[in-house]
Amino acid sequence: MTAIEHLVGEINTFFYSKLLIYMLIGIGLFFTFKTGFVQFRLLPEMFRVITEKAPIEKNGKKGISSFQAFTVSAASRIGTGNIAGVATAIALGGPGAVFWMWCIALIGGASSFVESTLAQVYKKPNGDGTFRGGPAYYMEKGLGKRWMGIIFAVAITFCFGFVFNAVQANTIAIAFNESFDINRTIIGIVLSILTAFVIFGGLRRIVSVTQYIVPIMAIFYIILALVVVIINFSELPAVFSLIFRSAFGLEEAFGGLIGAAVLNGIKRGLFSNEAGMGSVPNAAATADVSHPVKQGLIQTLGVFVDTLIICTATAMIV
């Protein structure tokens, strides 16, 4: 077991702390300049297109709307990374890590725009008014590399089907166990049943659940953060000052952590908003929109909501 843990740790360090971070930052900057800073330039348009309704299909059923696709992707983004991830980033990198989380969200918005737009371009109809697609599809159709799409599909199935879900479920189980002394096994069983009920109901049931749960979840959490901030309003200027000063090593207590602040801010930011990871385009492809770019804009907005609002809310509470 020790040998396996060591091997996984070495692989994780190479990909997550070195290769992946620099690649995602480089790609994010490339897309930012190539698209003419689309994530900033078309910010007002993001709020306009999110309200567009899905057209009625030939079978009389409504397609998946832009907002519903947004909530499915938000359900993927918003979770452990927004709470435990932010707290971990601050613990390991100091308050300055929050600043670098903001930076990676602003850069990653361009990556999310491109990958989600491509998902719309190469999506396929399911025959019931819904669509499917994602990186595996545009790797096969766009790049003409079916083998690459297969590798991606297998990798993301194991990554999200086992690893990411396990992280979320374990965090929920521990929280309930420590707060209410409920057995973790019971929480695991309940989560499995609830998840199965949603997942096996198909895409329409997934979006019908997320379109209500995600906004309520996000709004209540933001309200909680606002209450904490209002109660401690006098400390707010000092909090922002601490974040900016420690981000550049100007705060004595965190002066030696500037490298850790950058690294942990970027790592936790990417884990939280998933920009460039290839997970969100699978949800983006399900939307029935009049132009592929519209879903790209909406998913860019999702990156901003996840990191600049939800993660910031956690940072303010901490």
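What you see is a predicted model, and the numbers here were worked out from it, not measured in a lab. All residue numbers refer to position in the chain's written sequence, counted from 1. The predicted origin of the model limits local features to residues at a pLDDT of at least 70 and limits the giving and counting of side-chain atom pairs to 80 or more, whereas totals for whole chains, interfaces and linings rest on all residues. Computation of side-chain values covers all heavy atoms of the structure but excludes hydrogens and water.

This part takes up the overall build of the chain. In this description a helix means any DSSP run of H or I spanning at least four residues, a strand means any run of E spanning at least two, and both kinds are numbered starting from the N terminus. Along the chain, the regular secondary structure elements total 14 helices and 2 strands. By the compact-globule yardstick of 20 Å for 318 residues, the chain fits well, its C-alpha radius of gyration being 20 Å. With the C-alpha coordinates aligned to their principal axes, the bounding extent of the chain is approximately 65 × 50 × 50 Å. Three labels apply to residues, based on accessible area from a 1.4 Å probe with only protein chains included: buried if under 20% of the type maximum, exposed if over 50%, partly exposed otherwise in between. Looking at the chain residue by residue over its 318 residues, the buried ones come to 42%. We compute the radius of gyration from the C-alpha atoms alone; for a globule the expected value is 2.2 Å times N to the 0.38, where N is the number of residues.

Before going further, it helps to spend a moment on the packing of aromatic side chains. Note on ring pairs: Phe, Tyr and Trp rings are taken, using the six-membered ring of Trp, and paired if centres are within 6.5 Å. Classes follow the plane angle, with under 30 degrees stacked, over 60 edge-to-face and the rest tilted. Applying the stated criterion to the full structure yields 13 aromatic pairs. When the centroid spacing of 5.8 Å and the interplanar angle of 65 degrees are considered together, the rings of Trp-100 and Phe-248 count as edge-to-face. Here Phe-248 lies in the loop between α11 (236-247) and α12 (258-273) and Trp-100 lies in helix α6 (residues 96-121), a separation of 148 residues in the sequence. Given a relative accessible area of 19%, Trp-100 falls into the buried group. In this structure Phe-248 comes out as partly exposed when scored by relative accessible area, which is 43%. A network of ring pairs unites the aromatic residues Phe-99, Trp-100, Trp-102, Phe-240, Phe-244 and Phe-248 as a single cluster.

Looking now at the environment of Ser-76. Residue position: Ser-76 is located in helix α4 (residues 66-77). Overall, the relative accessible area of 28% leaves Ser-76 in the partly exposed class. For the pair formed by Ser-76 and Asn-165, sequence separation is 89 residues and the distance between their alpha carbons is 9.8 Å. Between two residues, a contact is recorded if the distance between any of their heavy atoms is within 4.5 Å. If sequence neighbours within four positions are ignored, Ser-76 has contacts with Phe-160 and Glu-274.

Now for a nonpolar patch on the surface. To count toward a patch, a residue needs a relative accessible area over 30% and no salt bridge; like charges are then connected within 9 Å, while nonpolar side chains (Val, Leu, Ile, Met, Phe, Trp, Tyr) are connected within 5 Å. Surface accessibility in these figures is a Shrake-Rupley result with a 1.4 Å probe; residues are shielded only by whichever protein chains are displayed. One side-chain nitrogen of Lys or Arg within 4 Å of one carboxyl oxygen of Asp or Glu is enough to make a salt bridge. Taken together, the side chains of Leu-7, Ile-11, Phe-14, Phe-15, Leu-19, Met-23 and Ile-27 define a hydrophobic patch exposed on the protein surface, amounting to about 630 Å² of accessible area. A relative accessible area of 43% places Phe-15 in the partly exposed class.

Here we take up the side chain of Glu-115. Topologically, Glu-115 is positioned in helix α6. We count Lys and Arg on the positive side and Asp and Glu on the negative side, and we leave His and both chain ends out. One buried charged residue, Glu-115, forms no salt bridge at all, with the nearest opposite charge on Arg-77 at 5.7 Å. Apart from the residues within four sequence positions on either side, Glu-115 is in contact with Tyr-138, Glu-274, Ala-275, Gly-276, Met-277, Gly-278 and Pro-281.

Bringing the state of the cysteines into the picture now. Cysteine sulfur atoms are paired as a disulfide whenever they fall within 2.5 Å. Applying the stated criterion across every chain, the model contains 0 disulfides. The thiol of Cys-159 is unpaired, and the distance to the nearest cysteine sulfur, on Cys-311, comes to 18 Å.

All right, on to the nonpolar core then. In these notes, a set of buried Ala, Val, Leu, Ile, Met, Phe, Trp, Tyr and Cys residues joined through side-chain atoms within 4.5 Å is what counts as a nonpolar core. Ranked by size, the top nonpolar core spans 17 residues in total, and within it Val-86, Val-98, Phe-99, Ile-243, Ala-315 and Met-316 carry the most contacts. Contributions of two or more residues to this core are made by α5 (80-93), α6, α11 and α14 (292-317). Sorting elements by how many residues they give to this core places α6 first, with 6 residues. Other than its neighbours up to four places away in sequence, Ile-243 contacts Pro-95, Gly-96, Val-98, Phe-99, Trp-102 and Met-316. Membership of the second largest hydrophobic core comes to 14 residues, among which are Met-46, Val-49, Ile-50 and Ile-298.

Taken N-terminus to C-terminus, the directions of α6 and α12 make an angle of 50 degrees; their axes are 7 Å apart at the nearest point. With respect to each other, α6 and α12 are oriented oblique. Once α6 is placed against α12, the crossing between them reads as right-handed. Residues Gly-96, Ala-97, Trp-100, Met-101, Ile-104 and Ala-105 of α6 touch α12, and the partners they reach there are Ala-261, Val-262, Gly-265, Ile-266, Arg-268, Gly-269, Leu-270 and Asn-273. For this scheme, ten residues count as nonpolar: Ala, Val, Leu, Ile, Met, Phe, Trp, Tyr, Cys and Pro. Four count as charged, namely Asp, Glu, Lys and Arg, and the remainder, Gly too, count as polar. Grouping the amino acids of the contact of α6 with α12 by side-chain chemistry returns 9 nonpolar, 4 polar and 1 charged. Note on definitions: angles span 0 to 180 degrees between N-to-C directions of axes, and those axes are lines fitted to C-alpha atoms, for helices only across the stretch in contact. Note on angle classes: values under 35 degrees are labelled roughly parallel, values over 145 roughly antiparallel, values of 65 to 115 roughly perpendicular, and the remainder oblique. A clockwise turn of the near helix away from the far one marks a right-handed crossing, whereas an anticlockwise turn of less than a right angle marks a left-handed crossing.

Attention now moves to α11. With 12 residues, α11 should cover 16 Å at 1.5 Å per step; its first-to-last C-alpha distance of 17 Å lies within 8% of that length. Summarising the contacts, the buried residues of α11 are in contact with α6, α10 (202-231), α12 and α14. Looking one or two residues past α11, Gly-249 carries a phi angle of roughly 75 degrees, positive in sign. The span expected for a helix works out to 1.5 Å for each residue beyond the first.

Below, the discussion takes up unusual backbone geometry. One non-glycine residue with positive phi stands out, namely Phe-37, at about 60 degrees. With respect to the helices, strands and loops of the structure, Phe-37 is situated in the loop between α1 (2-34) and α2 (38-41). A residue is classified by how much of its surface remains accessible, and Phe-37, at 37% relative accessible area, is partly exposed. Unlike most non-glycine residues, Asp-181 shows phi in positive territory, near 60 degrees. Inspection of the secondary structure assignment puts Asp-181 in the loop between α8 (146-180) and α9 (184-199). The class of Asp-181 is exposed, set by a relative accessible area of 66%.

As a further point, take the pattern of salt bridges. Per the stated rule, a full pass over the model turns up 3 salt bridges. Residue Glu-140 is joined to Arg-146 by a salt bridge in which the shortest nitrogen-to-oxygen separation is 3.2 Å. Since its relative accessible area comes to 25%, Glu-140 is described here as partly exposed. Here the salt bridges share partners, and the residues they tie into one network are Glu-140, Lys-141 and Arg-146.

By themselves, these are just geometric observations and shouldn't be taken as functional.
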